[in-house]
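Structural characterization, general
Here's the letter readout for the chains.
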Amino acid sequence: MAISISKLKYDFPAGLVVFLVALPLCLGIALASGAPLLSGIISGIIGGVIVGFLSGSETSVSGPAAGLAAVVLASITKLGGFELFSAALFIAGFLQLASGLLKAGIIANYIPSNVIKGLLAAIGVLLILKQIPQAFGYDGTHQDDFSFVQSNGENTFSHLFNTFFHVTPGVVIVSVISISVLVFWDKTPLKKLKFFPASLFVVLLGIGVNEFF
């Protein structure tokens, strides 16, 4: 992929914005996946720089995927550690490359799209349900348990119900402020800050409010 100097003045600001959006996203996905935070940064670098450079595509998207957070967490738990999961992922990468060389991608045509959409929708609902208690400050040792029946004897719905008896006011304030900023960002003068995305502002604001408390 050739690098055009004439377009650098457009590519650099665009790359900066993508970096500022991807940084908190990579950290968040790594945390939700039960993986080390550094692995999220490394995945973002590989997906954004190496894969982007090798693919040569102008429209491809690569990097950590929020939709797979529950799958990754379940795999790490099943295998017994992040190291074993990394080894399995390394082998899976070789199998994927081999499938590409053998033109085996045609197999995907036999998988109905509604199966994929249903899987992603289910993961999305699961992530939302599991994060609601966190937004109210109900944070137990089972916070990374994405199973319906949790290790502490509760299930997802009983966990949600018990949240109302374990509300932490400071956490609620941080959650309300963060969500409000994301919703109303484009309706404030802050939207003019093209190089400062709302997601990064929310991360910094959340840290600041937490330190204040």
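This write-up is about the structure you can find in this document. (Residues numbered from 1 in each chain as written. Predicted model: local features only at pLDDT ≥ 70, side-chain atom pairs only at ≥ 80, totals over all residues. Heavy atoms only, no water.)

**Re the packing of helix H3 (residues 69–79) against helix H4 (residues 82–101)**
Operational definition: To get an axis, fit a line to the C-alpha atoms, keeping to the stretch in contact for a helix; angles then go from 0 to 180 degrees between the N-to-C directions. Helix numbering and strand numbering both begin at the N terminus, where a helix is a DSSP run of H or I of at least 4 residues and a strand a DSSP run of E of at least 2. Relative orientations are named as follows: roughly parallel for angles under 35 degrees, roughly antiparallel for angles over 145 degrees, roughly perpendicular for angles from 65 to 115 degrees, and oblique for any other angle. In this scheme the handedness of a crossing depends on how the near helix is turned from the far one: anticlockwise by less than a right angle means left-handed, clockwise means right-handed. In what follows, a contact means two residues having at least one pair of non-hydrogen atoms within 4.5 Å.
Closest axis-to-axis distance for the H3/H4 pair is 8 Å, and the angle between their directions is 115°. The orientation of H3 with respect to H4, classified from their angle, is roughly perpendicular. At the point where H3 passes H4, the crossing takes the right-handed sense. On H4, the residues touching Val72, Ser75, Ile76 and Leu79 of H3 are Phe82, Leu84, Phe85 and Ala88.

**Observations regarding the packing of helix H1 (residues 8–32) against helix H8 (residues 198–212)**
Helix-helix packing: each pair is described by the crossing angle between the helix axes and the interaxial distance. Test applied: Under the scheme applied, nonpolar residues are Ala, Val, Leu, Ile, Met, Phe, Trp, Tyr, Cys and Pro; charged residues are Asp, Glu, Lys and Arg; polar residues are all the others, including Gly.
Their axes nearest at 8 Å, the elements H1 and H8 cross at an angle of 50°. Between H1 and H8, the crossing angle belongs to the class labelled oblique. Here the hand of the crossing between H1 and H8 comes out left-handed. Two secondary-structure elements touch here, H1 through Leu20, Val21 and Pro24 and H8 through Ser199, Leu200 and Val203. Looking at side-chain class alone, the contact of H1 with H8 contains five nonpolar, one polar and no charged residues.

**Considerations on the nonpolar core**
For clarity, the cut-off: Only buried Ala, Val, Leu, Ile, Met, Phe, Trp, Tyr and Cys residues count toward a nonpolar core, and they belong to the same one when joined by side-chain atoms within 4.5 Å. Using a 1.4 Å probe on the protein chains alone, a residue whose accessible area is under 20% of its type maximum counts as buried, one over 50% counts as exposed, and one in between counts as partly exposed.
Listed in full, the five residues of the largest apolar core are Ala32, Ala69, Ala70, Ile123 and Leu127. Breaking this core down by element, the ones donating at least two residues are H3 and helix H5 (113–136).

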